Structure formats: C-alpha cells, structure tokens
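Structural characterization, general
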Amino acid sequence: MSSIEAKLQQVRTRIAIACEHARRPVQSVTLLAVTKTFGPQSVRDAHAAGQRAFGENYVQEAVEKIEALADLRECIEWHLIGPLQSNKTRVVAAHFDWVHSIDRFKLAERLSAQRPAGLAPLQVCLQVNISGEASKSGVASADVLSLAQQVAALPRVRLRGLMAIPEPAGDFEAQRAPHRALARLLYDLNAAGLTLDTLSMGMSADLEAAIAEGATIVRVGSAIFGTR
Ligand SMILES: *Cc1c(COP(=O)(O)O)cnc(C)c1O
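Read on for a plain summary of the structure. (Residues numbered from 1 in each chain as written. Predicted model: local features only at pLDDT ≥ 70, side-chain atom pairs only at ≥ 80, totals over all residues. Heavy atoms only, no water.)

Some words on the overall build of the protein
Helix and strand counts for the protein come out as nine helices and eight strands. For the protein, the C-alpha radius of gyration of 17 Å lies close to 17 Å, the compact-globule estimate for 228 residues. For the C-alpha atoms alone, the extent of the protein along its principal axes is close to 50 × 40 × 30 Å. Counting only residues that meet the buried cut, the protein has 50% of its 228 residues in that class. Across the protein, every contact between residues at least 6 apart in sequence was considered, and the portion connecting residues at least 24 apart equals 60%. Accessible area of the protein: about 10500 Å², with a carbon and sulfur share of 52%. Of note, the protein has its 25 positive side-chain charges centred 3 Å away from the centre of its 23 negative side-chain charges. (Helix = DSSP H or I, 4+ residues; strand = E, 2+ residues; numbered from the N terminus. Rg over C-alpha atoms; globule rule 2.2 N^0.38 Å. Buried < 20%, exposed > 50% of the residue type's maximum accessible area, 1.4 Å probe, protein only. Contact = heavy atoms within 4.5 Å. Areas by Shrake-Rupley, 256 points an atom, 1.4 Å probe, with all protein chains shown as cover. Lys, Arg positive; Asp, Glu negative; His and termini not counted. Charge placed at Lys NZ, Arg CZ, Asp CG, Glu CD.)

Written as structure tokens, this is what we have:
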C-alpha cells in the first residue's frame, strides 16, 4: 500500500467515526483531497486509491496539474478553494468543476459569463469570513444573504452553499463554534427561500468538529499528503 493510500484510509476512517458520532450517513460527507504544492503523481496515487475530488489553491499551479492529468479529467472533480482574482476567472471557468471562494458578486458574474457553453454550470460556494478577522478573505456574515440572492440568479453558475476557513482553535468545543455559525447561516439562507445543500468546512485539524456541525465537504491536505 502506498503511503498516500494508507493515509487516505486513515482519513476515511476519521470521517466514518465522526459520522457515526453525529448519527449521519457516511455518504453525506465528501472528502476533498487538497493537493496544493504536491505534483501530479500525488493526484495519480490518490486517484488509484479511489479518491475522486481534488482541491487546489493557486490557479496557475492547478491549471498545469489539470493539463498534466488530462487523461483522468473525466473521472476527477476539480475544486478551486483558494482566493480568486478577477483577471483569472476565464481560465477558472474553463478548467474547474467547483469554486468555493466566491466573496463578491463580480467574481460570480464573470464566471457565469465565461463558463464555456459545452460544460455544466460551475458549482459555487460563497466564502464567509466566519471568525470576523479583518485580514481574512470572505464575505461578512451580515452580507451573505444579499450576495447569495444575486449569485443564485446567475445562469451559468449554480450556488450550492457556504465555505469557511475558521481561525485555528485548540479543543473540540472551540472548534465547533465557527462551524455551527456557518451551518446556522446556511439554515437562514434556506429559510429565506434559497435551496442550498453544501457546507464546505473542516480541514486536517478539525474535520471531526466540522462533521459534528453538518459539514458536507471536508477539505483535507496535510493528513493525506504530508506537511507542505
Ligand atoms: C490548504 C487548505 C486546506 C487543507 O488544509 P490541511 O490543514 O492541510 O488539511 C483546506 N482548505 C483550504 C482553503 C486550504 O487552503
């Protein structure tokens, strides 16, 4: 067994145990393998071990990897989880299946306009600045509803839900709080008439807390591929 395969298995076990504790079906959580800084061979190894959804942070690095792995394109889902600048939206619209980091309308508007006609609508999440830190990207909680309503009306992107990168916290209860806040926001959006099904939250250090609060996508890098 390759070390990537062994670590993937460990992460799958962590997800399964967390789902059991939360009385959730294990299929309700998708594992997104975060491959930033790791080369195409790491993606191939994970793919050979059954992994299908991959997350990348940097557009240029990601596009090179996606092109190097063109033979796997049909059976891999590519997710952009890092910050996006408006001058990169065209290449992102052409190469990715998902974007988790929408924090302003202009990005979604450009992605919708630039999504190639032959592809399915781009699946998107709004990134929320859930810990309220001045320096971090993400839309403020108070502005999520109006942004969500605008994005949901675009024809070539499909708004699926919310994403957050909370401040690191030590113990389990402290880790749960921001994830609970994001889940509450999603609940409020649906109560306001949207139909969103995705909570992208939880990483190597806090995936159990995120699953306890309803995560549907956990984004895991170092626990699978090692330290960066
Ligand atoms: C790097 C990264 C991850 C994965 O973090 P790990 O701690 O390595 O699991 C998840 N989400 C985002 C947005 C990231 O940039």
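Structure's up, so let's keep going.
Side note on the pairing of strand β6 (residues 157-163)
Counting buried positions along β6 yields six of seven residues, so the element is predominantly enclosed. Pairing geometry for strand β5 (residues 122-127) and β6, over six bridges, is parallel. Paired with L122 across the two strands is V157, which belongs to β6. (Pairing = 2+ DSSP bridges.)

Overview of the site of the ligand
Residues in contact with the ligand, as listed here, are V34, K36, N57, I81, I165, M203, S204, R219, V220, G221, S222 and R228. With respect to the ligand, the side chain of K36 contributes an N or O atom lying 2.7 Å from an oxygen atom. One of the side-chain nitrogen or oxygen atoms of N57 is found 2.6 Å away from an oxygen atom of the ligand. Here the ligand has 390 Å² of accessible area as a free molecule, and 89% of this is covered by the chains. Per-class residue counts for the shell around the ligand are five nonpolar, four polar and three charged. (Near = heavy atom within 4 Å. Polar contact = N/O pair within 3.5 Å; in protein donor to acceptor, adjacent residues only side chain to side chain. Nonpolar A, V, L, I, M, F, W, Y, C, P; charged D, E, K, R; others polar.)

Observations regarding the packing of aromatic side chains
In this description, a pair of aromatic rings is defined by centroid distance and the angle of the planes. Applying the stated criterion to the full structure yields two aromatic pairs. Relative to F225, the ring of F38 lies with its centre 5.6 Å away and its plane at 35°, an arrangement referred to as tilted. A residue pair is termed long-range when its members are at least 10 positions apart, and F38 in the loop between β1 (30-34) and α2 (40-48) and F225 in helix α9 (residues 222-225) qualify at 187 residues. The exposure classification of F38 matches that of F225, with both residues buried. Residues F54 and W78 carry aromatic rings whose centres are separated by 5.8 Å and whose planes lie at 40° to one another, so their mutual orientation is tilted. Here W78 lies in strand β3 (residues 77-80) and F54 lies in strand β2 (residues 53-56), a separation of 24 residues in the sequence. (Phe/Tyr/Trp six-rings, centres within 6.5 Å; stacked < 30°, edge-to-face > 60°.)

Here's the deal with unusual backbone geometry
A positive phi angle, close to 50°, is found at R23, a residue other than glycine. Position of R23 among the secondary structure elements: in the loop between α1 (3-21) and β1. Overall, R23 belongs to the exposed group, its relative accessible area being 79%. Positive phi, close to 75°, is recorded for T37, a residue that is not glycine. Residue classification places T37 among the partly exposed residues on the basis of a relative accessible area of 49%.

Regarding the state of the cysteines
A full pass over the atoms with the stated rule returns zero disulfides. Here C125 is not cross-linked by a disulfide; its sulfur's nearest cysteine counterpart is in C19, at 18 Å. (Disulfide = S-S within 2.5 Å.)

Concerning the side chain of N129
Topologically, N129 is positioned in the loop between β5 and α6 (144-152). Under the relative-accessibility criterion, N129 is labelled buried at 13%. Residues contacting N129, with those up to four places away along its chain left out, are K136, S137, G138 and V139.

Points about α2
Along α2, the residues that are buried comprise S42, V43, A46 and H47. Burial along α2 is one-sided: seen end-on, the buried residues are contained in an arc of 135°. Buried positions along α2 lie against α1, β2, α3 (59-68), β3 and α9. A positive backbone phi angle near 100° is found at G50, which sits one or two residues after α2. (Arc of directions from axis to C-beta.)

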